[in-house]
Amino acid sequence: MASSSSSYVNGNRNCHGDNPQVKRAKWVVPSSRMAKNTHNPIRQIVDNMKIEPNPEKKMIALSIGDPTVFGNLEPPREIEEAVIDCIHTRKYNGYAPSIGYESARAAIAKYYTCPEAPLEAKDVIFGSGCSGALDLCISVLANPGQNILVPRPGFSLYKTLAESIGVEIRHYNLLPERGWEIDLDHLQSLVNEDTAAIVVNNPSNPCGSVFTKEHIQDILQVAERLRMPIVADEIYADMVFSGHSFHFMASLTTEVPILSCGGIAKRYIVPGWRLGWVLINDRHGAFEAEVRTGLQRLSQRILGPNTLIQAAMPRILEDTPQSFYEEIMAHVQRRSNKHPSLSANCRSGRGLGASSAGSG
């Protein structure tokens, strides 16, 4: 019998040979290393917070990135009708292909394709929200012991996803005095032989900035020189205030391979619908040999996002009036203008938490 300090004791010999069965002296069920390494600081606070506001004070709700919380922003009726119609057909109650329905992926490709970065259905992989898409990208590009570069300040989920699989996070600085542009000298100083990818978030969460075309081109020049793929977190694509422009990273390069992550959560005001995607913008076949297949394999671990929302995607993209997008951004910009001092602080780098004049 094992010593009293051990949690195991030898039991009866098994029926297949002389090796003894090993039994634990008591019930001890440890969690996996992945579980121990997973920590989402935002959800840790939000999911476990049980407090009552002081009734004598007006609550200032800093909230999270959920546009539905206060009920003042609503999705367009057209997309609700598209989902309801899909329910009534009873055609989408079963499993979809792990990477998503081809009709839905073709609709996404058609919507986002451009001459500089052409897309087909095969270039679209669905995930459970943009977070699921980011998980696919980090998992397919980085091995345990490698590192990825992420922005500081930045979205905490990058660290959550990477560290859970043993990938190191290296933070490159954003420059508040330059509208939260990337400090490219600092970024380059972090790269070593174990660096797997650069994560670029534009428009920025939490800084509320949007990069100029020229700055994106500077970022791409660095990535090209380093031969480093980019994961572009573009969930806030096209959500910029009047007088500013958003540019997809992939549209500005023919050299750098980019995995672009997006979804319907923010632009359509439906984060709970959990539909995101990876757009595979390959260059020189860099993703062809392993990454494209790897994304498909990773998507097979769970069978994709909600089939009803997938099925509705062609109509969501076709039927949503342009006026909806314009009205949403006008509303957000009006709200921002009600707090000019806070917006000014964000632009100057003295504070966070509100949109700058560059985005919403």
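Here the structure is shown first, and the text comes after it.
None of these values were measured; they are calculated from a predicted model.

Caption draft 1: Layout of the overall build of the chain. Of the regular secondary structure elements, the chain holds twelve helices and ten strands. Counting every position in the chain, which comprises 360 residues, the buried fraction comes to 44%. Within the chain, contacts between residues at least 6 apart in sequence are counted, and of these 68% link residues at least 24 apart. As presented, the chain carries roughly 19,800 Å² of accessible surface, and 50% of it is formed by carbon and sulfur atoms.

Caption draft 2: Structural detail: the packing of aromatic side chains. Across all of its chains, the model carries eight aromatic pairs by this definition. Measuring from ring centre to ring centre gives 5.8 Å for Tyr112 and Trp277, while their planes differ by 45°; the resulting arrangement is tilted. Here Tyr112, found in helix α4 (residues 102-112), pairs with Trp277, found in strand β10 (residues 276-281); they are 165 residues apart in sequence, far enough to count as distant. By the ring-pair criterion, three or more aromatic residues cluster together here, those being Tyr111, Tyr112, Phe246, Phe248 and Trp277. In this structure, Arg267 is placed above the aromatic ring of Tyr325, and the distance from its NZ or CZ to the ring centre is 3.8 Å.

Caption draft 3: Quick look at the sheet that holds strand β3 (residues 124-127). Pairing in this open sheet of eight strands is mixed, and the strands run β3-β10-β9-β8-β7-β4-β5-β6 from one edge to the other. Lying at the two open borders of the sheet, with one neighbouring strand each, are β3 and β6 (181-182). Bridge count between strand β9 (residues 258-263) and β10: six bridges; the pairing is antiparallel. Across the sheet, residue Ser260 finds its bridge partner in β10, namely Leu279.

Caption draft 4: Local environment of the nonpolar core. If you look at the biggest cluster of nonpolar residues, it comprises 67 residues, and the most contacted ones within it are Ile108, Ile148, Leu259, Trp277, Val278, Leu295 and Met313. A total of eight residues in this core trace back to one element, the largest contributor, which is helix α5 (residues 129-141). In this structure, Ala117, Leu184, Leu190 and Ala232 belong to the second largest nonpolar core, which totals 25 residues.

Caption draft 5: Quick peek at α5. Helix length check: α5 (13 residues) gives 19 Å between terminal C-alpha atoms against 18 Å at 1.5 Å per residue, within 8%. Most of α5 is tucked away: ten of the 13 residues are buried.

Caption draft 6: Local environment of the packing of α4 against helix α10 (residues 307-319). The N-to-C vectors of α4 and α10 enclose an angle of 30°; their axes lie 7 Å apart at closest approach. As judged from the angle between their axes, α4 and α10 are roughly parallel. Remark: the crossing between α4 and α10 carries left-handed chirality. Two secondary-structure elements touch here, α4 through Ser103, Ala104, Ala107, Ile108 and Tyr111 and α10 through Gln310, Met313, Pro314 and Leu317.

Caption draft 7: Main features of unusual backbone geometry. Pro153 follows Arg152 through a cis peptide bond whose omega is 0°. Summarising the element assignment, Pro153 is placed in the loop between β4 (147-152) and α6 (157-164). For the bond running from Asn202 to Pro203, omega is -10°, close enough to zero to count as cis. As for its placement among the helices and strands, Pro203 is situated in the loop between β7 (195-201) and α8 (213-226). Residue Ile269 is not a glycine yet carries a positive backbone phi of 65°. If you trace the backbone, Ile269 turns up in the loop between β9 and β10. Even without being a glycine, Arg274 presents a positive backbone phi close to 55°. Within the fold, Arg274 resides in the loop between β9 and β10. Since its relative accessible area comes to 34%, Arg274 is described here as partly exposed.

Conventions used here
Residues numbered from 1 in each chain as written. Predicted model: local features only at pLDDT ≥ 70, side-chain atom pairs only at ≥ 80, totals over all residues. Heavy atoms only, no water. Helix = DSSP H or I, 4+ residues; strand = E, 2+ residues; numbered from the N terminus. Buried < 20%, exposed > 50% of the residue type's maximum accessible area, 1.4 Å probe, protein only. Contact = heavy atoms within 4.5 Å. Areas by Shrake-Rupley, 256 points an atom, 1.4 Å probe, with all protein chains shown as cover. Phe/Tyr/Trp six-rings, centres within 6.5 Å; stacked < 30°, edge-to-face > 60°. Lys NZ or Arg CZ within 6 Å of the ring centre and 35° of its normal. Pairing = 2+ DSSP bridges. Core = buried A, V, L, I, M, F, W, Y, C linked by side-chain atoms within 4.5 Å. Expected span 1.5 Å × (residues − 1). Axes fitted to C-alpha atoms, helices over the stretch in contact; angles between N-to-C directions. Parallel < 35°, antiparallel > 145°, perpendicular 65-115°, else oblique. Left-handed = near helix turned anticlockwise from the far one by under 90°.

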